[in-house]
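Here are the chains, one letter per residue:
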Amino acid sequence: MSKQLINNYYNQLLKIDEGHPLVNILFEYSNRVVLYQENQKVLGVPLENDAQLDELLTGFIEFEPLQIQKKQIIDLLLIC
């Protein structure tokens, strides 16, 4: 493993340890992309796999935080 790859991975982990919000974020590790949503790793895919990368990016773009989902439910209940 190259020193640059190790440094990149370490810097990404530092962001997580420092409380960087993981609501909907992508991390790139050399030849992989990892998607975190609601503080959990959702999917990690190699950059070379177009189908998996498309799935990951679609999930990232279409993501709706749980807090917003809850607010929409409350708003619907108030309308009824």
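Residues numbered from 1 in each chain as written. Predicted model: local features only at pLDDT ≥ 70, side-chain atom pairs only at ≥ 80, totals over all residues. Heavy atoms only, no water.

Visitor: Can you tell me about the pairing of strand β2 (residues 32–37), naming the residues and giving the values?
Guide: Burial runs high along β2: 5 of the 6 residues are buried. Pairing between strand β1 (residues 24–29) and β2: 6 bridges, direction antiparallel. Directly across from Ile 25, in β2, lies its bridge partner Tyr 36. In textbook terms, the turn of a hairpin is the stretch between consecutive antiparallel strands, and for β1 and β2 this stretch comprises 2 residues, one of which, Ser 30, has a positive phi near 55°. Here 6 bridges tie β2 to strand β3 (residues 40–46), and the two strands are oriented antiparallel to one another. Bridge pairing in β3 places Gln 37 opposite Gln 40. Hairpin remark: β2 followed by β3, antiparallel, with 2 residues in the connecting loop; positive phi at Glu 38, about 50°. (Buried < 20%, exposed > 50% of the residue type's maximum accessible area, 1.4 Å probe, protein only. Helix = DSSP H or I, 4+ residues; strand = E, 2+ residues; numbered from the N terminus. Pairing = 2+ DSSP bridges.)

Visitor: An account of the nonpolar core is needed here, citing residue identities and associated values.
Guide: Leu 22, Ile 25, Phe 27, Tyr 29, Val 34 and Tyr 36 together form the largest nonpolar core, which totals 6 residues. Mapped onto this core, the elements with two or more residues apiece are β1 and β2. Ranked by residue count, the leading element in this core is β1, at 3 residues. Counting 5 residues, the second-largest nonpolar core is a separate cluster that includes Val 33, Leu 35, Leu 53 and Leu 56. (Core = buried A, V, L, I, M, F, W, Y, C linked by side-chain atoms within 4.5 Å.)

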